[in-house]
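# Descriptive analysis of the structure
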Amino acid sequence: MAETADIALIGLAVMGQNLILNMNDHGFVVCAFNRTVEKVDAFLANEAKGTKVVGARSMEEMVSKLKRPKKVMLLVKAGAAVDAFIQKLLPLLEPGDIIIDGGNSEYTDSQRRSKELAEKKILFVGSGVSGGEEGARYGPSLMPGGSPDAWPHIKPIFQAIAAKSDGEPCCDWVGKDGAGHYVKMVHNGIEYGDMQLICEACHIMKDVVGMNNDEISEVLSEWNKGELDSFLIEITADIMRYKDTDGVHLVDKIKDAAGQKGTGKWTAISALDKGMPLTLIGESVFARCLSSLKDERVVASKQLSGPAKSAFKGDKKQFIEDLRLALYASKIISYAQGFMLMREAANNYDWNLNYGGIALMWRGGCIIRSVFLGEIKKAFDKNPTLANLLLDDFFKNAIHKCQDGWRRVVASSVMQGIPTPCLSSALAFYDGYRSERVPANIIQAQRDYFGAHTYELLSAPGKFVHTNWTGRGGQVSSSSYNA
Ligand code: 2AM
């Protein structure tokens, strides 16, 4: 059998099919395979008709068609299906061959697979793929991580098919073992935050200012021309003006209970594990949880009261500008937190993450693509070891410019009883982060009071002491218990 294919792709659901067609467009020969083999025939006879795509009816046939080092990309359901295919591939591959998992895998699975396959001298890549079906077909954001030796072999294919931003591919090497899937997970967490922030802005326009859907849509379209220019603002402007066949806005007919597949939750869990204050993404996940308690909310809405509704009295134009500033500032906080989490993960797992490169990977192709990410790229280009995005001059000045309006918006929402978990927790984070002193000294005193956990004096760093606060109890401090 002639070894003619540049890469094999297993998994012919929409994402897999579209990635194959994208690779084909860029001159690569792809061998397609699927567990249900009939789908290979159907794909070749339909979507891939007239292309250079070849098919295989068995894994052996698929592997025999590949050039060396053989590259096999999996686009199958995350979890057991990936491990099952890896096990079937192992006897068919040789040292130096490459397995790429492009599914929505947990980064811990990619860490494990990297290690297991390295022992067998197979190069493993776990790659985040973002941009949905459209992205996969015409240019996704790709976040590959794993065995660095695999990168030179897959780089030409990955960078060719990726989205481009100012001519540069939205794809670069992220780091070893699970780094690619970790960065993709944080991307999804940030996506949760961005979506919730936009929802809160729409809610405020509707219930604080009293605007209708078309007016909200116009404001979003206007915002999309400036600093907030992004895919999610753009589609939300479309959503707010979209009318159903009966002329009624479709968005008002949709049940207000948000679904989730888990990547936002994984990001928040990882932040808790690593002790990083990822407050905005955490709130966005909990906001979805609260929304899904629809039945309980219906009951509570009839019993729990809030402030009386009042007509908007202020300067509407000024308030909408304040809201834009509040959204922008909160977004800066969310990304600053996301990069804090990635930095901590990099420290934990010994990843050498390229933060500017990550911003560029997210700049185009993916759901959170925005002009704003170009500014993040610039900040890390200027200072690759930047400790926190908030300390970059551009973002520092932006927050300073935004904060008065941001505070007015949060205050008005609180007074009107409109929930703004992300806008307001972002502000609380900002005020905490910029505080030299926070009241955690009282927590330390409380812990020492009830549990003899000891505390450190400002005047004697590193020395932990216990006080017998009541004169009762002993002088003994707790050393073994640390909950
Ligand atoms: P299928 O077409 O044979 O169902 C998305 O679901 C892709 O993952 C499809 O290509 C699907 O194959 C594949 N897939 C889902 N679960 C799988 C499993 N347990 N083993 C192998 N492939 C699986």
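Above this note sits the structure.
My aim in this report is to walk through the structure given alongside it, one point at a time. Nothing here was measured: the structure is a model prediction, and the numbers come from that model.

Thresholds applied
- Residues numbered from 1 in each chain as written.
- Predicted model: local features only at pLDDT ≥ 70, side-chain atom pairs only at ≥ 80, totals over all residues.
- Heavy atoms only, no water.
- Core = buried A, V, L, I, M, F, W, Y, C linked by side-chain atoms within 4.5 Å.
- Buried < 20%, exposed > 50% of the residue type's maximum accessible area, 1.4 Å probe, protein only.
- Contact = heavy atoms within 4.5 Å.
- Near = heavy atom within 4 Å.
- Polar contact = N/O pair within 3.5 Å; in protein donor to acceptor, adjacent residues only side chain to side chain.
- Areas by Shrake-Rupley, 256 points an atom, 1.4 Å probe, with all protein chains shown as cover.
- 1 Å grid on protein atoms, 1.4 Å probe; cavity = no way out; pocket = protein on both sides within 12 Å on 5 of 7 lines; lining within 4 Å.
- Sits in = over half its atoms within 2 Å of the grid points.
- Points joined across faces, edges and corners; volume = space filled by probe spheres on them.
- Helix = DSSP H or I, 4+ residues; strand = E, 2+ residues; numbered from the N terminus.
- Nonpolar A, V, L, I, M, F, W, Y, C, P; charged D, E, K, R; others polar.

### A few points about the nonpolar core
Across soluble globular proteins, nonpolar side chains have a tendency to be buried as a group. The biggest cluster of nonpolar side chains holds 82 residues, and the ones touching the most others in it are Trp 223 and Trp 362. When sequence neighbours within four positions are dropped, the list of residues in contact with Trp 223 reads Ala 201, Met 205, Leu 228, Asp 229, Ile 233, Ile 320, Leu 323, Arg 324 and Leu 327. Counting 33 residues, the second largest nonpolar core, distinct from the first, contains Ala 48, Ile 98, Ala 160 and Ile 161.

### As for the site of the ligand
As a structural note, the neighbourhood of the ligand is formed by Gly 11, Leu 12, Ala 13, Asn 34, Arg 35, Thr 36, Lys 39, Val 76, Lys 77, Ala 81 and Phe 85. Separating an oxygen atom of the ligand from a side-chain N or O atom of Asn 34 is a distance of 2.6 Å. Within the side chain of Arg 35, an N or O atom sits 3.0 Å from an oxygen atom of the ligand. Within the complex, 74% of the 480 Å² of free accessible area of the ligand lies under protein. More than half of the atoms belonging to the ligand lie within 2 Å of the grid points that define the second largest pocket.

### Topic: the layout of surface pockets
Approximately 1700 Å³ is the volume found for the largest pocket. Considering the residues around the largest pocket, the lining is formed by 42 residues, among which Gln 196, Cys 199, Asp 256, Ala 257 and Ser 291 are closest to the centre. Elements with a minimum of two residues in the lining of the largest pocket: helix 8 (179–207), helix 9 (213–223), helix 10 (231–241), helix 12 (279–291) and helix 13 (294–301). Ranked by residues supplied to the lining of the largest pocket, first place goes to helix 8 with 11 residues. As for the second largest pocket, its lining consists of 39 residues, of which Val 76, Lys 77, Ala 78, Gly 103 and Asn 104 are closest to the centre. Of all elements in the fold, only helix 4 (80–89), strand 6 (123–130), helix 6 (132–138), helix 8 and helix 11 (263–274) reach the threshold of two or more residues within the lining of the second largest pocket. Considering each element in turn, the lining of the second largest pocket owes the most residues, 5 residues, to helix 8. Its residues placed into classes, the lining of the second largest pocket shows 13 nonpolar, 15 polar and 11 charged.

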